[in-house]
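One-letter residues, chain by chain:
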Amino acid sequence: MRSDLCSIPVEEVFAPREGCPLCRMRAMLEERVLTYIMGAAMMEPDVRIQTNRQGFCFDHLKKMLNRRNRLSVALMLESHLTELDRRVFGQGKPFFLKPSAGAGGRSAERAGETCFVCEQIETGMSQLVRNTMVLYENDRAFRELFAGQPQFCLPHYSLLAAAAEKQLSKKYRARCLEDLTRVTRAALEELHGDVKHFCDMFDYRNNGPDADWGNARDALERAARMLTARDPETE
Ligand SMILES: [Zn+2]
Ligand SMILES: [Zn+2]
């Protein structure tokens, strides 16, 4: 991955104290990678070798098709399809190197599973999570910002906990894990209450026009975000 793609200042991502900061980080990375790949980068030979090999998952193909520059998508797909024809059916290879139908089938199956954009996002996230831990270890103001987050979604709780275990010194490891647990548990508890409230609203006694939904209206969308780190409303 080009280093400027993930040159996102971690403090800025944490500063808004709204939702899961790593979900915001992932969304920023995704936007950057999509803009990058739909722009001039797509013509760079080393990038094209990678997109030919990895292709794109359904989610990212869909996002690319919704953008303006359809010629970029067409050019990348054209050479990716050439590569697939070679890999799955042995097109252009001597007969003794052609894959069997079984091996070709397995290559075909993998075609929708590997994705250039997903891999770039994952590499970027690993780098940014490492940066987050460096800040936690060395910057007091950042430790306070970290502890004051309203939530970490479950996938990102797990990512941060693993990084804290691995990267932090003994002095800060327990404290960071405590912050993570406190913030995530409180968010989960509140969400659980809202989902329960949502269920209760279907009781006939809550059918009146002045029924009090409290914070329950979008509880299911928030639950989807908490469980998957993805946004069902914008994706
Ligand atoms: Zn998240
Ligand atoms: Zn993808």
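Scoring rules and cut-offs
Each chain has its residues counted from 1, running along the sequence as written. Written order decides the labels, with chains lettered from A and ligands numbered from 1. Predicted model: local features are reported for residues with pLDDT of at least 70 only, side-chain atom pairs are reported and counted for 80 or more only, and whole-chain, interface and lining totals are derived from all residues. For side-chain calculations, the full set of non-hydrogen atoms in the structure is used, while hydrogens and water are omitted. In this analysis a donor is any N, O or S atom within 2.8 Å of a metal ion (3.2 Å for sodium, potassium and calcium), and since water is not included, sites may seem incomplete. Tetrahedral means four donors with every angle between 85 and 135 degrees, whereas square planar (four donors) and octahedral (six donors) require angles over 155 degrees between opposite donors and between 65 and 115 for all others; sites fitting neither are termed irregular. Pairs were defined over the aromatic rings of Phe, Tyr and Trp, the Trp ring being its six-membered one, requiring ring centres within 6.5 Å. Orientation was assigned from the angle between planes: stacked under 30 degrees, edge-to-face over 60, tilted for the rest. Secondary structure is summarised from DSSP: a helix means a run of H or I of at least four residues, a strand means a run of E of at least two, and numbering begins at the N terminus for each. Each residue gets one of three labels from its accessible area relative to the maximum for its type: buried under 20%, exposed over 50%, partly exposed in between, using a 1.4 Å probe on protein chains only. Within this scheme a cavity is a closed region of a 1 Å grid, computed over the protein atoms alone, that accommodates a 1.4 Å probe without allowing it to escape, whereas a pocket is open but has protein on both sides within 12 Å along at least five of seven lines; lining residues each have an atom within 4 Å of a point. Grid points are joined across faces, edges and corners, and a volume is the space filled by probe spheres set on the points. Residue classes follow a fixed rule: Ala, Val, Leu, Ile, Met, Phe, Trp, Tyr, Cys and Pro count as nonpolar, while Asp, Glu, Lys and Arg count as charged, and any other residue, Gly among them, counts as polar. Every axis corresponds to a line fitted to the C-alpha atoms, with the helix fit spanning only the stretch in contact, and the corresponding angles, defined between N-to-C directions, vary from 0 to 180 degrees. Orientation labels follow simple angle bins: below 35 degrees gives roughly parallel, above 145 gives roughly antiparallel, 65 to 115 gives roughly perpendicular, and whatever is left gives oblique. Handedness of a crossing follows from how the near helix is turned relative to the far one, being left-handed for an anticlockwise turn of less than a right angle and right-handed for a clockwise one. Residues are treated as being in contact if the distance between any of their heavy atoms lies within 4.5 Å. In this description, one arc is meant: the one made by directions from the helix axis to the C-beta atoms.

S.K.: Help me understand the coordination of the zinc ion (ligand 2), please; the structure alone is not making it clear to me.
M.R.: Reference geometry at the metal: tetrahedral coordination by four donors gives ideal angles of 109.5 degrees; octahedral coordination by six donors gives 90 or 180 degrees. Protein coordination at the zinc ion (ligand 2): the donors are Cys-57 (SG), His-60 (ND1), Cys-115 (SG) and Cys-118 (SG), at 2.0 to 2.3 Å from the metal. Each of the 4 donor atoms bound to the zinc ion (ligand 2) contributes to angles spanning 102 to 113 degrees, and the resulting shape is tetrahedral. Every donor residue of the zinc ion (ligand 2) comes from the same chain, spaced as C-x2-H-x54-C-x2-C.

S.K.: Looking at this structure, how should I read the packing of aromatic side chains?
M.R.: Given two aromatic rings, one states the distance between the centres and the angle between the planes to describe the pair. Applying the stated criterion across every chain yields a total of 8 aromatic pairs. Ring centres 5.1 Å apart and planes at 80 degrees place the aromatic pair Tyr-136 and Phe-146 in the edge-to-face group. Of the two residues, Tyr-136 sits in helix α7 (residues 116-138) while Phe-146 sits in helix α8 (residues 140-147), which places them 10 residues apart along the sequence. Phe-146 sits in the buried class, given a relative accessible area of 0%. Aromatic side chains Phe-146 and Phe-152 sit 5.2 Å apart centroid to centroid with 35 degrees between the ring planes, which places their arrangement in the tilted category. Both residues of the pair, Phe-146 and Phe-152, count as buried. Linked through ring pairs, Phe-14, Tyr-136, Phe-142, Phe-146, Phe-152 and Tyr-172 together constitute an aromatic cluster.

S.K.: Looking at this structure, how should I read the layout of surface pockets?
M.R.: When its volume is computed, the largest pocket comes out at roughly 620 Å³. Lining the largest pocket are 26 residues, and of these Cys-20, Cys-23, Arg-24, Arg-225 and Asp-231 sit closest to its centre. With 7 residues, helix α2 (residues 21-38) is the largest single contributor of residues to the lining of the largest pocket. Its residues assigned to classes, the lining of the largest pocket shows 10 nonpolar, 3 polar and 13 charged. One number sums up the size of the second largest pocket: a volume of about 400 Å³. Along its surface, the second largest pocket is lined by 15 residues, and Glu-122, Met-125, Ser-126, Val-129 and Leu-159 are the ones closest to its centre. Sorting the residues of the lining of the second largest pocket by element identifies α7 and α9 (154-167) as the ones contributing at least two each. Here the lining of the second largest pocket is built from residues that sort into 8 nonpolar, 3 polar and 4 charged.

S.K.: In this structure, what is going on with the packing of α2 against helix α4 (residues 58-65)? I would like to understand it.
M.R.: Any two packed helices are characterised by the angle at which their axes cross and by the distance between the axes. Interhelical geometry of α2 versus α4 gives an angle of 60 degrees and a closest axis separation of 11 Å. If you check the angle between α2 and α4, you find them oblique. Every pair of crossing elements has a handedness; the one defined by α2 and α4 is right-handed. Touching Arg-26, Glu-30, Leu-34 and Met-38 of α2 are His-60, Lys-63 and Met-64, all from α4. In terms of residue class, the contact of α2 with α4 is made up of 3 nonpolar, 1 polar and 3 charged.

S.K.: Explanation requested: α4 in the structure shown.
M.R.: The periodicity of an α-helix, 3.6 residues per turn, causes residues three or four positions apart to be oriented the same way. Among all positions in α4, only His-60, Lys-63 and Met-64 are buried. The buried residues of α4 occupy an angular sector of 100 degrees when projected down its axis, which confines them to one face. Where α4 is buried, its residues meet α2, α5 (70-89) and α7.

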